[in-house]
Amino acid sequence: MRSKKLLTAAAVFCRSLAWFPLCILLPSLRAEGGQSRLLTGLMDEALMTIHSDTQILLPACLLCCLSFAVQMTARAAGERFRMLPRKAFAMKLAAALPAAAAGIFAVYRISGSLFNAVVLTAAAILLPLHGIDNPPEKLFAQPHYVAFLTAVILSALALHLAEQPTFTGWLFAVTAVISALFLLLLNQFMLLRLVNRRSNAETPVPREIRRSNFVMVIGMLLLTAAILVFRRPLTAVLVWMRDTAATAFWKLMIMIIRKQGGAAEIEEDADILPPPAEGEASPLWVLVWIPIIFVMWIVWRNLLSDWVYEIHELLRRLLAFLRGETRRNGRRKRPAESEEYYDTETTARRPLTKKQMKRRWRQQLRAWRSQPDSREKFYAGYQLLLTAPAWEANELRDADTVQEIREKWLNHHTPQDALDAVTSAYHTDRYAERGLPEQAIAELSAALDRLR
């Protein structure tokens, strides 16, 4: 599905760009006083003219681009060779090692620091390969976004303390881009889950719903971007609204005082109070925050209700633990009857290859042979016989009797008499109730050897 591929690429891009704060922080804190060691010849003269800020931004952008290319290549290799994990790992390694070598060489030549080159390359190119084969909705989930915001805050604080606030604007721009993409990813993956929550196959989101929802999200992002871009004029408008509201308030108060007959000491031309002196502020300015706080409370109450409930449950469990009480009902986040609806999501495991199935069956066979001879060992061995690699896929059914299983082997496999003795011993013990023959387990072991 094309939309799923675009969402996957956006998630991988967020994973790559999330290392930008670290790529900015380390070179900034370890910057040397002089120029870095660069390439010789004409390249030396060209790069000597680059500003010190560019010498930090250029390796960061280069590492992010290399990380994106390597992750996309690794994910494509994982999907192409899903049934061959060793070959997929070899392809990922073949894509990562040259990119890592190029990243170390480029960062070292530009910044002159081998420590920065090794650490940043390992962090930005090699670490993101962990979990690259996860489903698209888990490539850049909420924990990744929270970790990125934490890194941005710590990086900005470290740059501020180091008196290098030059790159704060770049950190803010990267944060805005990743936040917008993360909001878009959450929205689109939520639509996919809602559409496919009752379906066994993956169904694309209807075009009308996807288009209207996409327009709504893009509109919100553009509105936020407009507020950020035009923040100075908007701030001036808000200050003008504040001053106008304050002037109207004081005029209203003076008008009320005059009507009550207490305006003897108020001069005719002093209809409003003088503005406060510079550096001082009237406590009545706090009234301006009342409608803002009211709106923020309505919004954040809906957003933080789940967190408040989780904190309440954590404190309640802590008090119960300190009192020595135990919960009888087990851990539950929230009663199901208090939710509008709830679904169960099932994550399927990666199917085993034929080689892995044979190896696992041989291990089970060795463990079965080490057991002492008994009636239980015979029936455990017969269950092991049903899962032998010699059977074709979906050849046996749960409703098949022992005789039907023998006939299927007789008609489609060789040697044809492999299950004759085992079937006879099964009938003698289970149906005739005369006990297992003495050679039953030995014959079953010989049959299992033939089924290998």
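Residues numbered from 1 in each chain as written. Predicted model: local features only at pLDDT ≥ 70, side-chain atom pairs only at ≥ 80, totals over all residues. Heavy atoms only, no water.

An account of the overall build of the protein chain is needed here, citing residue identities and associated values.
When helices and strands are tallied, the protein chain shows 16 helices and zero strands. When burial is assessed residue by residue, the protein chain has 27% of its 452 residues classed as buried. Looking at the protein chain alone, contacts between residues at least 24 apart form 68% of all its contacts between residues at least 6 apart. (Helix = DSSP H or I, 4+ residues; strand = E, 2+ residues; numbered from the N terminus. Buried < 20%, exposed > 50% of the residue type's maximum accessible area, 1.4 Å probe, protein only. Contact = heavy atoms within 4.5 Å.)

Could you give an account of the nonpolar core, with specific residues and numbers?
With 43 residues, the main nonpolar core has Phe20, Ile24, Leu63, Phe140, Phe148, Ile178 and Leu185 as its most contacted residues. Among the secondary structure elements, those contributing two or more residues to this core are α1 (2-17), α2 (20-29), α4 (52-80), α5 (85-111), α6 (114-126), α7 (142-161) and α8 (168-196). It is α8 that provides the largest number of residues to this core, a total of eight residues. Beyond its immediate stretch of four places on either side in the chain, phenylalanine 140 contacts Ala11, Cys14, Arg15, Ala18, Tyr145, Ile178 and Phe182. Formed by 24 residues, the second largest nonpolar core is a distinct cluster that contains Leu385, Ala388, Leu419 and Tyr426. (Core = buried A, V, L, I, M, F, W, Y, C linked by side-chain atoms within 4.5 Å.)

Lay out the environment of cysteine 65 with the relevant residues and their values.
Secondary-structure assignment places cysteine 65 in helix α4. Sequence separation of cysteine 65 and alanine 124 is 59 residues, and the distance between their C-alpha atoms is 9.6 Å.

Give a description of the pattern of salt bridges that names residues and reports values.
Following the criterion strictly, the structure yields nine salt bridges and no others. The shortest N-O distance in the salt bridge between arginine 75 and glutamate 79 comes to 3.5 Å. Separated by four residues within a single helix, arginine 75 and glutamate 79 lie in helix α4, roughly one turn from each other. For arginine 75, a relative accessible area of 8% puts it in the buried group. Residues aspartate 420 and arginine 406 are paired through a salt bridge, measuring 2.7 Å at the closest nitrogen-oxygen approach. You can see aspartate 420 sitting in helix α15 (residues 420-430) and its partner arginine 406 sitting in helix α14 (residues 402-412), a full 14 residues away along the chain. The partly exposed category is assigned to aspartate 420, whose relative accessible area is 27%. (Salt bridge = Lys/Arg side-chain N within 4 Å of Asp/Glu carboxyl O.)

Describe the packing of aromatic side chains, with residues and values.
Two aromatic rings are characterised by how far apart their centres lie and by the angle between their planes. In this structure the tally under the stated criterion is nine aromatic pairs. Judged by centre distance (6.0 Å) and plane angle (80°), the ring pair of phenylalanine 13 and phenylalanine 68 falls under edge-to-face. In this pair, phenylalanine 13 sits in helix α1 while phenylalanine 68 sits in helix α4, placing the two residues 55 residues apart along the sequence. You can call phenylalanine 13 partly exposed: its relative accessible area is 33%. Overall, phenylalanine 68 belongs to the partly exposed group, its relative accessible area being 27%. Note on phenylalanine 378 and tyrosine 379: the rings are 5.4 Å apart at their centroids and 85° apart in plane angle, and the pair reads as edge-to-face. Residues phenylalanine 378 and tyrosine 379 agree in their burial class; the two are buried. Here the aromatic residues Phe378, Tyr379, Tyr382, Tyr426 and Tyr431 are joined through ring pairs into a cluster of three or more. (Phe/Tyr/Trp six-rings, centres within 6.5 Å; stacked < 30°, edge-to-face > 60°.)

So, helix α12 (residues 354-369): which residues are in play, and what are the values?
Taking 1.5 Å of rise per residue, 16 residues should cover 22 Å, and α12 covers 23 Å from first to last C-alpha, within 8% of that figure. Buried within α12 are the following residues: Trp361, Leu365 and Trp368. End-on view of α12: buried residues confined to an arc of 60°, all on one side of the axis. Projecting away from the buried face of α12 at angles above 90 degrees are the exposed residues Lys355 and Arg366. (Expected span 1.5 Å × (residues − 1). Arc of directions from axis to C-beta.)

Lay out helix α13 (residues 375-386) in plain terms, naming residues and giving numbers.
Here α13 is 12 residues long and its end C-alpha atoms lie 17 Å apart, about the 16 Å a rise of 1.5 Å per residue gives. Listing the buried residues of α13 in full gives Lys377, Phe378, Tyr379, Gly381, Tyr382, Leu384 and Leu385. Along its buried surface, α13 packs onto α12, α14, α15 and α16 (440-451).

Got a sec to walk through a positive patch on the surface? Specific residues and values, please.
Taken together, the side chains of Lys354, Lys358, Arg362, Arg366 and Arg452 make up a positively charged region of the molecular surface. With respect to the helices and strands, the residue lysine 354 is situated in helix α12. Judged by relative accessible area, lysine 354 falls into the exposed class, the value being 69%. (Patch = residues over 30% accessible without salt bridge, like charges linked within 9 Å, V, L, I, M, F, W, Y side chains within 5 Å. Areas by Shrake-Rupley, 256 points an atom, 1.4 Å probe, with all protein chains shown as cover. Lys, Arg positive; Asp, Glu negative; His and termini not counted. Charge placed at Lys NZ, Arg CZ, Asp CG, Glu CD.)

How would you summarise a nonpolar patch on the surface if you had to cite specific residues and measurements?
On the surface, Ile311, Leu315, Leu318, Leu319, Phe321 and Leu322 cluster together to form a nonpolar patch covering roughly 650 Å² of accessible area. Positionally, isoleucine 311 belongs in helix α11 (residues 289-322).

Any details on the packing of α15 against α16? Residues and values, ideally.
Where α15 meets α16, the axes come as close as 9 Å, and the angle between the chain directions of the two elements is 145°. Where α15 crosses over α16, the handedness of that crossing is left-handed. Between α15 and α16, the contacting residues are Ala421, Val422 and Ala425 on the first element and Ala440, Glu443, Leu444 and Ala447 on the second. Its residues assigned to classes, the contact of α15 with α16 shows six nonpolar, no polar and one charged. (Axes fitted to C-alpha atoms, helices over the stretch in contact; angles between N-to-C directions. Left-handed = near helix turned anticlockwise from the far one by under 90°. Nonpolar A, V, L, I, M, F, W, Y, C, P; charged D, E, K, R; others polar.)

Got a sec to walk through the environment of leucine 93? Specific residues and values, please.
Within the secondary structure, leucine 93 is located in helix α5. The exposure class assigned to leucine 93 is partly exposed, which follows from its relative accessible area of 38%.

Give me the confidence of the model for the protein chain: which residues, what numbers.
For the protein chain, per-residue confidence averages 76 on the pLDDT scale, and 79% of positions sit at 70 or higher. Scored below 50 in pLDDT, residues 32-51 shows 20 contacts in the model against residues more than four places distant or in partner chains. Taken as a whole, residues 268-274 scores under 50 in pLDDT and shows 11 contacts with residues more than four places along the chain or in a different chain. (pLDDT = per-residue confidence, 0-100.)

Can you break down the environment of serine 16 residue by residue, with the values?
Along the chain, serine 16 falls in helix α1. Along the backbone, serine 16 and serine 67 are 51 residues apart, and their C-alpha atoms lie at a distance of 5.5 Å. A polar atom in the side chain of serine 16 sits 3.2 Å from the backbone nitrogen of phenylalanine 68. (Polar contact = N/O pair within 3.5 Å; in protein donor to acceptor, adjacent residues only side chain to side chain.)

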